[in-house]
Amino acid sequence: MADWDLWGPLAPRYQRSGPRRLLALDGGGIRGLLTLGVLASLERQLQERRGDPSYRLCQFFDAIAGTSTGAIIAAGLARGMSVARLLSFYKEFGVEAFTRRSIFERWKSLYENGALQKKLQAEFGANTTLEPEHLQCLLLVVTRNATTDSAWPIFSNPWSKYNQRDRKDCNLRIPLWQIVRASTAAPVYFPPETIAWDKDDASKQFVFVDGGTTAYNNPAFLLYRMVTEPAYKLEWPKGERNLLIVSVGTGTAPVLGQSIADPEQNLAAAAKQTLGALMNQAAFDQDLSCRTVGRCVAGPWLDNEVGDLVPRADGEPVPLSQDLGRAFLYARYDATLTKKGLDAIDCADINPDDVSLLDSVAHMAALERVGGGVAARQVDISAFGPFLDA
């Protein structure tokens, strides 16, 4: 029999049966401002539908996942923060966190750890953990354990194996700010984060780097697996009436590489952009998996071969009243940070180069505009169908 005592104040909510709604947030440095623009529209539309200006996304979504900068946003939302407060936080910490280190110390990393650490502790609390009493909904943070060379998704599900309270290395007892800091430790940009899972056991002390360097920079499909696969202990039902996944990106920023005429011309630039390229491709793959296993109800064009993968009949989307037997409903919101992509969201005057880098602090206002453009063109919660009032 399920032990609901482990869920603390969250037990009444999760004991109720019914459809479940998931939110997944990509990594992407300061481009998280774009994500916040999309989330602001989601929050506002849900508030209007419910007639409640205090309604929060943690009340709508049963589990929120984030990688790197997405982990910061996900943690704030799971704590019950409004999107407006998170936007304010981003503006406060952005300049401090992405202040370059002195020329003599850049061989270690470009930016100091201290500013980001202090901001995270101040916002989330130095002693806040993943335990149920500290969260308003389930939270998944994607990290990469550099010591073991493996992806470490850390989920607050009280029933999962490594969240058992009798374990000395129980995930739930690790400070939330430190888990988020581990997920944001982008190589070159920030120093790694060291976490002692068990202070009495040296073998349980690990070094972490950015979760965006795993295959889960877009954590949507990972979250789907962790809430449905029996091994993770939740076993939420699959199906178009049972599960909704909303995925929000930080913009794709393709960088042209070597040309056939001069194959070595851009090798240095390609090396500099490796992290961004890895994050883009990982996000694309997760997105494609969600659209093929789930039923896509909203999402930008993927490529010229598959289009957007929204099921259609006679050129029109198949109505949601017709169940196609997919594992979940899926909505994806993102921007293409090219001239053509920015033109399509009424941001033609913005230079793609200004909003493509992970540390574009000087162009935060432009990133906010891009997020607003994506929201205006793409976000309509009517696509969520029966999940709106479940």
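Data block above holds the structure.
What counts, and where the lines are drawn
Residues numbered from 1 in each chain as written. Predicted model: local features only at pLDDT ≥ 70, side-chain atom pairs only at ≥ 80, totals over all residues. Heavy atoms only, no water. 1 Å grid on protein atoms, 1.4 Å probe; cavity = no way out; pocket = protein on both sides within 12 Å on 5 of 7 lines; lining within 4 Å. Points joined across faces, edges and corners; volume = space filled by probe spheres on them. Axes fitted to C-alpha atoms, helices over the stretch in contact; angles between N-to-C directions. Helix = DSSP H or I, 4+ residues; strand = E, 2+ residues; numbered from the N terminus. Parallel < 35°, antiparallel > 145°, perpendicular 65-115°, else oblique. Left-handed = near helix turned anticlockwise from the far one by under 90°. Contact = heavy atoms within 4.5 Å. Nonpolar A, V, L, I, M, F, W, Y, C, P; charged D, E, K, R; others polar. Buried < 20%, exposed > 50% of the residue type's maximum accessible area, 1.4 Å probe, protein only. Pairing = 2+ DSSP bridges. Polar contact = N/O pair within 3.5 Å; in protein donor to acceptor, adjacent residues only side chain to side chain. Phe/Tyr/Trp six-rings, centres within 6.5 Å; stacked < 30°, edge-to-face > 60°. Lys NZ or Arg CZ within 6 Å of the ring centre and 35° of its normal.

(A) View of the layout of surface pockets. Its volume calculated, the second largest pocket comes out at about 400 Å³. For the second largest pocket, the lining is made up of 17 residues, of which Trp152, Pro153, Lys161, Tyr162 and Asn171 are closest to its centre.

(B) Structural view of the packing of helix H2 (residues 32-50) against helix H13 (residues 364-378). Orientation of H2 relative to H13, taken along the N-to-C sense of each, is 40°, at an axis distance of 7 Å. Classified by the angle their axes make, H2 and H13 are oblique. As H2 packs across H13, the resulting crossing turns out to be right-handed. When H2 is examined against H13, the residues Leu33, Leu34, Gly37, Val38 and Ser41 are found in contact with a partner set consisting of Met364, Leu367, Glu368, Val370, Gly371, Gly372, Val374 and Ala375. Class assignment of the residues belonging to the contact of H2 with H13 gives a composition of eight nonpolar, four polar and one charged.

(C) Representation of the pairing of strand S2 (residues 63-67). In terms of residue burial, S2 counts as a mostly covered element, since five of its five residues are buried. Both faces of S2 are covered, namely the face carrying Ala63, Ala65 and Thr67 and the face carrying Ile64 and Gly66. Where strand S1 (residues 20-25) lies against S2, four bridges are found, and the strand directions are parallel. What sits directly across from Ala24, in S2, is Ala65.

(D) Up close: empty space enclosed by the protein. Applying the stated criterion across every chain yields a total of two cavities of 30 Å³ or more. Space inside the second largest cavity adds up to approximately 70 Å³. In this structure, the second largest cavity is lined by 14 residues; those nearest its centre are Arg31, Asn217, Thr250, Gly251 and Asn280. Counting residues per element, the lining of the second largest cavity draws most heavily on helix H10 (residues 274-293), at four residues. Counted by class, the lining of the second largest cavity contains two nonpolar, eight polar and four charged residues.

(E) Representation of the side chain of Ser183 within the structure. Counting through the fold element by element, Ser183 comes out in helix H7 (residues 176-183). Leaving out residues up to four positions away in the same chain, Ser183 has contacts with Gly66, Thr67, Ser68, Ala71, Val141, Val142, Thr143, Asp210 and Gly211.

(F) Main features of the side chain of Arg20. Turning to its location among the elements, Arg20 is positioned in strand S1. For Arg20, a relative accessible area of 7% puts it in the buried group. For Arg20, the side chain forms a polar contact with the main-chain oxygen of Arg16, separated by 2.8 Å. Filtering out sequence-adjacent residues up to four positions away, Arg20 remains in contact with Arg13, Tyr14, Asp62, Trp236, Asn242, Leu243, Leu244 and Phe387.

(G) Structural detail: the packing of aromatic side chains. One pass over the structure, following the stated rule, counts 17 aromatic pairs. Ring centres of Trp7 and Trp159 lie 5.3 Å apart, and the angle between their planes is 80°; on these two criteria the pair is classed as edge-to-face. Residue Trp7 is located in the segment before helix H1 (11-15), and its partner Trp159 is located in the loop between strand S4 (150-155) and H7; the two are separated by 152 residues in the primary sequence. The residues Trp7 and Trp159 share a single accessibility class, namely buried. Between Phe89 and Tyr90, the aromatic rings sit 6.4 Å apart at their centres with planes inclined by 85°, giving edge-to-face as the arrangement. Each of the two residues, Phe89 as well as Tyr90, counts as buried. An aromatic cluster is defined as three or more aromatic residues linked by ring pairs; in this entry it consists of Trp4, Trp7, Tyr14, Trp159 and Trp236. The residue whose ring lies beneath Arg20 is Trp236, and the NZ or CZ to ring-centre distance is 5.0 Å.

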